[in-house]
Amino acid sequence: MPALTALAPAKINLFLHVGAVDAEGYHPLSSLVAFADVGDRVSVEPADRLSLTVAGPFGGGLGATDDNLILRALRQLGETCGIAEPKLKVALDKRLPIAAGLGGGSSDAGAALKLARDLLALDLSDAALEAVAGVVGADGPMCLRMRTAWAEGRGDVLTDEPCLPPLPAVLFNPGVPSPTGAVYRAYDAGPVRAADRPAPPGDWSIAAVIEWLSAQRNDLEAPALALTPAIGAALSVVAATDQAALTRMSGSGATVFGLYPSDDAARSAARALSAAHPEAWVKAAQLSVKQR
């Protein structure tokens, strides 16, 4: 059987409201999560044992792959289905920056799980596969779904939001990591806000959604900027592009996104940013594009 390949899309937190850490060390949150039409590529094919190879522009930054989230997820899949380690050769083309606030590792694992289920013809429902994806972290189930959703609780209480239109965007990463753990610790040391879920917009047009998002926030942005000043500079340069309507950090950083009124405006901004900042990772994208 030939290899199966899928996009592991970048995850974008359009807003991220974070509450105080609980007794078990988790933060309650509220977020509207969308997925981009850019990301890593994952391929799976039959083999005599489970293995993972990594290539791509950011592959070298992953280090040892023995406990990569893809392998962790596939081992859990094998345990759940009673088939031991799935005999699969997995290839990851790592195109997303690492420690970038884009959910790359979880998205890679979600894509691999879907491909493995198809390749091995496993009788496993989407809900059961989401439970398997939880082994990689709180964002595992949402990254397995790969569709726009409200995320609450620890990020694992998901409600699909089919009304979000494809949002023209630019993703900009300044080329520095923003480790999630450090950002959350910095957040806990300062004023902590509430994981409130805002009422949805009354109008789901692009302009109305951007206006509504402008009234929301990313509670991790201030502590991330304090730890990594390059994020602040990234926000400034994206905000300065022609027709940029909203600029915000995604997740715990360091990637920021800009929203634009049209795809042409987003592509034009991406070209300008790439020319002015060749050291950065810059992509024009659509957010909320439905994935496989």
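The residue count restarts for each chain, going from 1 along the sequence in the order it is written. Only residues with pLDDT of at least 70 are given local features in this predicted model, and only at 80 or more are side-chain atom pairs given and counted; all residues enter the totals for whole chains, interfaces and linings. Computation of side-chain values: all heavy atoms of the structure, hydrogens and water removed.

**Student:** When you look at the nonpolar core in this model, what are you seeing that I'm missing?
**Tutor:** One broad trend across soluble globular proteins is that nonpolar side chains are buried collectively. The term nonpolar core refers to a set of buried residues drawn from Ala, Val, Leu, Ile, Met, Phe, Trp, Tyr and Cys, joined through side-chain atoms within 4.5 Å. When accessible area is computed with a 1.4 Å probe and restricted to protein chains, residues below 20% of their type maximum are described as buried, those above 50% as exposed, and intermediate ones as partly exposed. Val170, Phe172, Leu220, Ile231, Val256, Tyr260 and Val282 are the most contacted members of the largest nonpolar core, which has 31 residues in total. Of all the elements in the fold, those that place two or more residues in this core are strand S1 (4-18), strand S2 (29-46), helix H4 (140-145), strand S7 (167-173), helix H5 (180-188), helix H8 (229-239) and helix H9 (263-276). At five residues, H9 tops the list of elements feeding residues into this core. Formed by 29 residues, the second largest nonpolar core is a distinct cluster that contains Leu52, Ala73, Leu92 and Val132. Comment: elements are numbered from the N terminus, with helices defined as DSSP H or I runs of at least four residues and strands as E runs of at least two.

**Student:** How should the pairing of S1 be read in this particular structure?
**Tutor:** Regular strands place side chains that alternate from one sheet face to the opposite one. For S1, the tally of buried residues reaches 13 of 15 residues, placing the bulk of the element in the interior. We call two strands paired when DSSP finds no fewer than two bridges between them. Pairing between S1 and S2: 13 bridges, direction antiparallel. Bridge pairing links His17 to Ser30 in S2.

**Student:** Looking at this model, I keep getting lost on helix H2 (residues 104-120). Mind explaining?
**Tutor:** Residues lying three or four places apart along an α-helix face the same way, a consequence of the helix completing one turn every 3.6 residues. Here, expected helix span is obtained from the residue count minus one, scaled by 1.5 Å. Counted at 1.5 Å a residue, the expected span for H2 with its 17 residues is 24 Å, and the 24 Å between its end C-alpha atoms agrees. With 14 of its 17 residues buried, H2 lies for the most part within the structure. Looking at the residues trailing H2, positive phi occurs at Ala121, about 55°.

**Student:** What am I meant to see in the packing of aromatic side chains here?
**Tutor:** In this analysis, rings of Phe, Tyr and Trp, with Trp reduced to its six-membered ring, are considered paired at centre separations within 6.5 Å, and the interplanar angle assigns stacked below 30 degrees, edge-to-face beyond 60, and tilted for intermediate values. Inspection of the entire model under this criterion finds three aromatic pairs. Ring plane angle 80° and centroid distance 5.9 Å describe the contact between Trp150 and Trp212, whose orientation is recorded as edge-to-face. Here Trp150, found in strand S5 (residues 149-152), pairs with Trp212, found in helix H6 (residues 206-214); they are 62 residues apart in sequence, far enough to count as distant. Owing to a relative accessible area of 11%, Trp212 belongs among the buried residues under this scheme. Joined through ring pairs, the aromatic side chains of Phe15, Trp150 and Trp212 make up one cluster. Should the NZ of a Lys or the CZ of an Arg lie within 6 Å of a ring centre and within 35 degrees of the ring normal, that charge is described as sitting over the ring. We note Arg197 situated over the ring of Trp150; from NZ or CZ to the ring centre the distance is 4.3 Å.

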